[in-house]
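Spelled out, the chains give:
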Amino acid sequence: QVQLKESGPGLVQPSQTLSLTCTVSGFSLTSYSVHWVRQHSGKSLEWMGRMWSDGDTSYNSAFTSRLSISRDTSKSQVFLKMNSLQTEDTGTYYCARNADYWGQGVMVTVSS
Amino acid sequence: DIQMTQSPSSLPASLGDRVTITCRASQDIGNYLRWFQQKPGKSPRLMIYGATNLAAGVPSRFSGSRSGSDYSLTISSLESEDMADYYCLQSKESPLTFGSGTKLEIK
């Protein structure tokens, strides 16, 4: 069945870079897009960007040039990298297949 | 960016009630509208796609509709397991944008 699982550090220091991995199973990254979505505690959801099935990427301009999404199809993994982290980047980060099947999310705290 | 204005933000209701949540799109999004349910500590679950189509495994008491730029999620007879947060999402164009959410709670 379709599964996605996010992994990464739970704590990141301000100004540092966040690196997250989304490992998928049950489908091919060359057939479906994978999205990254963030949720601040108790708040709504914020779309960050996506890796298209053809390898192209789209980003939310709200993240300007801080965000990068890449993939390794041989490992069925999609990566998120975001630099210059601030405390307001604290939240739960999700990856989702085509925005329909979602991973369990990974909580990230930005704090010194 | 397309703005999705969702209302109400909170909806107290009783078991068995018929409830409706609405999202209004600031631009034409056609039927590129999804509804998600999110329970505490869980990831969002797709309920409706294409504005009116029930996702797999979703109870038939849920339905989606569209009237112009207004999109609605209706639960015909509220059950206790339906108490959750609900969000709409437009996927017509990037950036994809969510509504601000509706907290459905027991009156």
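Predicted model, so just to flag it, every value in this text is computed and none were measured.

## Comments concerning the overall build of chain A
Within chain A, the regular secondary structure consists of zero helices and 11 strands. Rg of the C-alpha trace for chain A: 13 Å, near the compact-globule value of 13 Å for 112 residues, within the 12% margin. Taken along its principal axes, the extent of the C-alpha atoms in chain A is 40 × 25 × 25 Å. Burial status across chain A gives 46% buried among its 112 residues. Contacts spanning at least 24 positions in sequence make up 49% of the contacts within chain A whose residues lie at least 6 apart. For chain A, the exposed surface amounts to about 5,300 Å²; the carbon and sulfur share of it is 43%. Treating the 9 positive side-chain charges of chain A as one cloud and the 8 negative ones as another, the clouds have centres 4 Å apart.

## Notes on the overall build of chain B
Looking only at helices and strands, chain B features zero helices and 11 strands. When the helices and strands of chain B are read in sequence order from the N terminus, they spell out β-β-β-β-β-β-β-β-β-β-β. The C-alpha radius of gyration of chain B comes to 13 Å, within 12% of the 13 Å expected for a compact globule of 107 residues. With respect to the principal axes defined by its C-alpha atoms, chain B has extents near 35 × 25 × 25 Å.

## Observations concerning the interface of chain B and chain A
The interface is formed by 15 residues belonging to chain B together with 18 residues belonging to chain A. If you sort the residues of chain B by the area they bury against chain A, B:P44, B:L96 and B:F98 come out on top, with a joint share of 37%. At the boundary of chain B with chain A, the tally comes to zero salt bridges. Of all the secondary structure elements, the ones that give two or more residues to the side of chain B that touches chain A are β4 (33-38) and β9 (85-90) of chain B. Of the residues forming the side of chain B that touches chain A, the biggest block, three residues, is contributed by β4(B). Looking at the side of chain B that touches chain A residue by residue, the class counts come to eight nonpolar, five polar and two charged.

## What about the environment of A:K75?
Residue and element names in this part refer to chain A. In this structure, K75 sits in the loop between β7 (67-72) and β8 (77-82). In this structure K75 comes out as exposed when scored by relative accessible area, which is 54%. Counting along the chain gives 29 residues from K75 to Q104, while the straight-line C-alpha distance between them is 19 Å.

## Considerations on the side chain of B:R34
Assignment of secondary structure puts B:R34 in strand β4. Buried charge without a partner: B:R34 forms no salt bridge, and the closest opposite charge is A:D100, 5.2 Å away. Of note is the side chain of B:R34, whose polar atom sits 3.1 Å from the backbone oxygen of A:A99. Non-local contacts of B:R34, meaning those with residues more than four positions away in its chain, are made with A:N98, A:A99, A:D100, B:L46, B:I48, B:Y49, B:Y87, B:C88, B:L89 and B:S91.

## Description of unusual backbone geometry
The amide bond that connects B:S7 to the next residue, B:P8, takes the cis arrangement and shows omega of -10°. With respect to the helices and strands, B:P8 occurs in the loop between β1 (4-7) and β2 (10-13). Backbone geometry places A:S15, a non-glycine residue, at a positive phi of 80°. Its place among the elements puts A:S15 in the loop between β2 (11-12) and β3 (18-25). On the basis of relative accessibility, which here comes to 49%, the residue A:S15 falls in the partly exposed class.

## A look at the sheet that holds β7(A)
All names here are of chain A. Ordered in space as β1-β3-β8-β7, the four strands form an open sheet in which the pairing is antiparallel. Both edges of this open sheet fall to β1 (3-7) and β7, since each of them pairs with a single strand only. Ignoring which end each strand starts from, the neighbouring axes of this sheet average 20° apart. As paired elements, β3 and β8 share six bridges and run antiparallel to each other. Looking at the pairing, L18 lines up with M82 of β8.

Conventions used here
Residues numbered from 1 in each chain as written. Chains lettered and ligands numbered in written order. Predicted model: local features only at pLDDT ≥ 70, side-chain atom pairs only at ≥ 80, totals over all residues. Heavy atoms only, no water. Helix = DSSP H or I, 4+ residues; strand = E, 2+ residues; numbered from the N terminus. Rg over C-alpha atoms; globule rule 2.2 N^0.38 Å. Buried < 20%, exposed > 50% of the residue type's maximum accessible area, 1.4 Å probe, protein only. Contact = heavy atoms within 4.5 Å. Areas by Shrake-Rupley, 256 points an atom, 1.4 Å probe, with all protein chains shown as cover. Lys, Arg positive; Asp, Glu negative; His and termini not counted. Charge placed at Lys NZ, Arg CZ, Asp CG, Glu CD. Buried area = accessible area lost by both parts, 1.4 Å probe. Salt bridge = Lys/Arg side-chain N within 4 Å of Asp/Glu carboxyl O. Nonpolar A, V, L, I, M, F, W, Y, C, P; charged D, E, K, R; others polar. Polar contact = N/O pair within 3.5 Å; in protein donor to acceptor, adjacent residues only side chain to side chain. Pairing = 2+ DSSP bridges. Axes fitted to C-alpha atoms, helices over the stretch in contact; angles between N-to-C directions.

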